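If you want the building blocks of each chain, they are given just below.
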Amino acid sequence: MTRSYASLGMVAALGGVLLLSGCGGSDSPAAAPSASLPAAAAPSGAASGSTAGQAAGAAQPSQSTNPSGGYWPATVQLGHNDKLGKTVVDGEGFTLYRFDPDSANPSKATCVDACAVTWPPVLANDKIVFQGLDRDKISTVQRADGTNQVTIGGWPVYRFSKDTAAGETSGEGVGGTWFAVAPDGYKAKDSSY
């Protein structure tokens, strides 16, 4: 009997993989299904995962924080700003940013300690749940503290602690090094995405 349950599990897993392989990224957040990537797929360009049952616009679970800086959002998803164009936001609609001293190839996060308090890194536990983004642009990089930080186009992403409401972009251009990230990893203001 145990063998038949294992076989059913394998069939279900294979069916999920086949179902996911037919799903592509979408530029429309209203039409994009949620999907997730395992955080362990740290190499940039990882393309494995499973479809999550959450539809775009569904209520998002609250996020949790990491005591050494950073937080785990419910999702990362496509956003839009009237001045910057397409951006990436978390599940609560807060703008996500990239930091010029970081690196995209290879991915490397350099904002730590006090920097990570002001600019909490977007972390992933087992999966990265995303909506309306191309999954080949989403991955993770391991930080010095051992946590996995979400990357967009290879760039580690952060939230600005002084953004107090969804859609704010008060972190744009701070210090000439912080910029809202576009869905392709470029600076949103410079992206043609």
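Scroll up a little and you will see the structure.
Bear in mind that the values here come from a model prediction, so they are computed numbers and not experimental data. (Residues numbered from 1 in each chain as written. Predicted model: local features only at pLDDT ≥ 70, side-chain atom pairs only at ≥ 80, totals over all residues. Heavy atoms only, no water.)

Enquirer: Before we move on, can you summarise the overall build of the protein with the specific residues and values?
Expert: From N to C terminus, the protein includes 2 helices and 16 strands. With 193 residues in all, the protein has 42% of them scored as buried. For the protein, contacts bridging at least 24 residues in sequence account for 66% of all contacts bridging at least 6. Carbon together with sulfur atoms contributes 57% to the accessible area of the protein, which is approximately 9400 Å² in total. (Helix = DSSP H or I, 4+ residues; strand = E, 2+ residues; numbered from the N terminus. Buried < 20%, exposed > 50% of the residue type's maximum accessible area, 1.4 Å probe, protein only. Contact = heavy atoms within 4.5 Å. Areas by Shrake-Rupley, 256 points an atom, 1.4 Å probe, with all protein chains shown as cover.)

Enquirer: I'd love a proper account of the packing of aromatic side chains, names of residues and values included.
Expert: The geometry of two aromatic rings is summed up by the distance between their centres and the angle between their planes. Here the structure, examined in full by the defined rule, presents 6 aromatic pairs. Here F99 and W178 contribute two aromatic rings whose centre-to-centre distance is 4.1 Å and whose plane-to-plane angle is 15°, an arrangement assigned as stacked. Here the residue F99 occupies a position in strand β7 (residues 96–99), and W178 occupies one in strand β16 (residues 178–180), the gap between them amounting to 79 residues. A single burial state applies to F99 and to W178, both of which are buried. By the ring-pair criterion, three or more aromatic residues cluster together here, those being Y97, F99, W119, Y158, F160 and W178. Here the basic side chain of R98 rests over the ring of W155, its NZ or CZ set 3.7 Å away from the ring centre. (Phe/Tyr/Trp six-rings, centres within 6.5 Å; stacked < 30°, edge-to-face > 60°. Lys NZ or Arg CZ within 6 Å of the ring centre and 35° of its normal.)

Enquirer: Quick one: what's the story with the sheet that holds strand β15 (residues 158–159), residue by residue and with numbers?
Expert: Pairing in this open sheet of 3 strands is antiparallel, and the strands run β15-β7-β16 from one edge to the other. Both outer strands of the open sheet, β15 and β16, are each paired with one neighbouring strand and no more. Judged from the 2 bridges that link them, β7 and β15 form a sheet pairing that is antiparallel. Paired with Y97 across the two strands is Y158, which belongs to β15. (Pairing = 2+ DSSP bridges.)

Enquirer: Before we move on, could you go through the side chain of T75 and cite the residues and values that matter?
Expert: Mapping T75 onto the fold places it in the loop between β4 (71–72) and β5 (76–81). Taking relative accessible area as the criterion, T75 reaches 1% and is therefore assigned buried. A polar atom in the side chain of T75 sits 2.7 Å from the side chain of Q77. (Polar contact = N/O pair within 3.5 Å; in protein donor to acceptor, adjacent residues only side chain to side chain.)

Enquirer: An account of the pattern of salt bridges is requested, with residue identities and associated values reported.
Expert: This model, assessed by the stated rule, comprises 4 salt bridges. Taking the shortest distance from any N to any O, the salt bridge between R159 and E92 comes out at 3.8 Å. Of this pair, R159 sits in strand β15 while E92 sits in the loop between β6 (85–90) and β7, placing them 67 residues apart in sequence. Residue R159 is classed as buried on the basis of its relative accessible area of 13%. Looking at E92, the relative accessible area reads 38%, which means it is partly exposed. Note that R98 and D100 form a salt bridge whose closest N and O atoms lie 3.5 Å from each other. Counted as one network, the salt bridges with shared partners bring together D90, E92 and R159. (Salt bridge = Lys/Arg side-chain N within 4 Å of Asp/Glu carboxyl O.)

Enquirer: Explain the pairing of β5 to me, and be specific about the residues and the numbers.
Expert: Among the 6 residues that make up β5, 5 are buried, leaving the element largely enclosed by the rest of the structure. In sequence, β5 turns back onto β6 through a hairpin of 3 residues. The sheet contact formed by β5 and strand β11 (residues 127–131) spans 2 bridges and is parallel. By the bridge assignment, Q77 is partnered in β11 with Q131.

Enquirer: Please set out unusual backbone geometry residue by residue, giving values where relevant.
Expert: The amide bond that connects N105 to the next residue, P106, takes the cis arrangement and shows omega of 0°. Here P106 shows up in the loop between β8 (103–104) and β9 (107–108). Positive phi, close to 55°, is recorded for D113, a residue that is not glycine. As for its placement among the helices and strands, D113 is situated in the loop between β9 and α2 (114–118). Its relative accessible area of 60% is what places D113 among the exposed residues.

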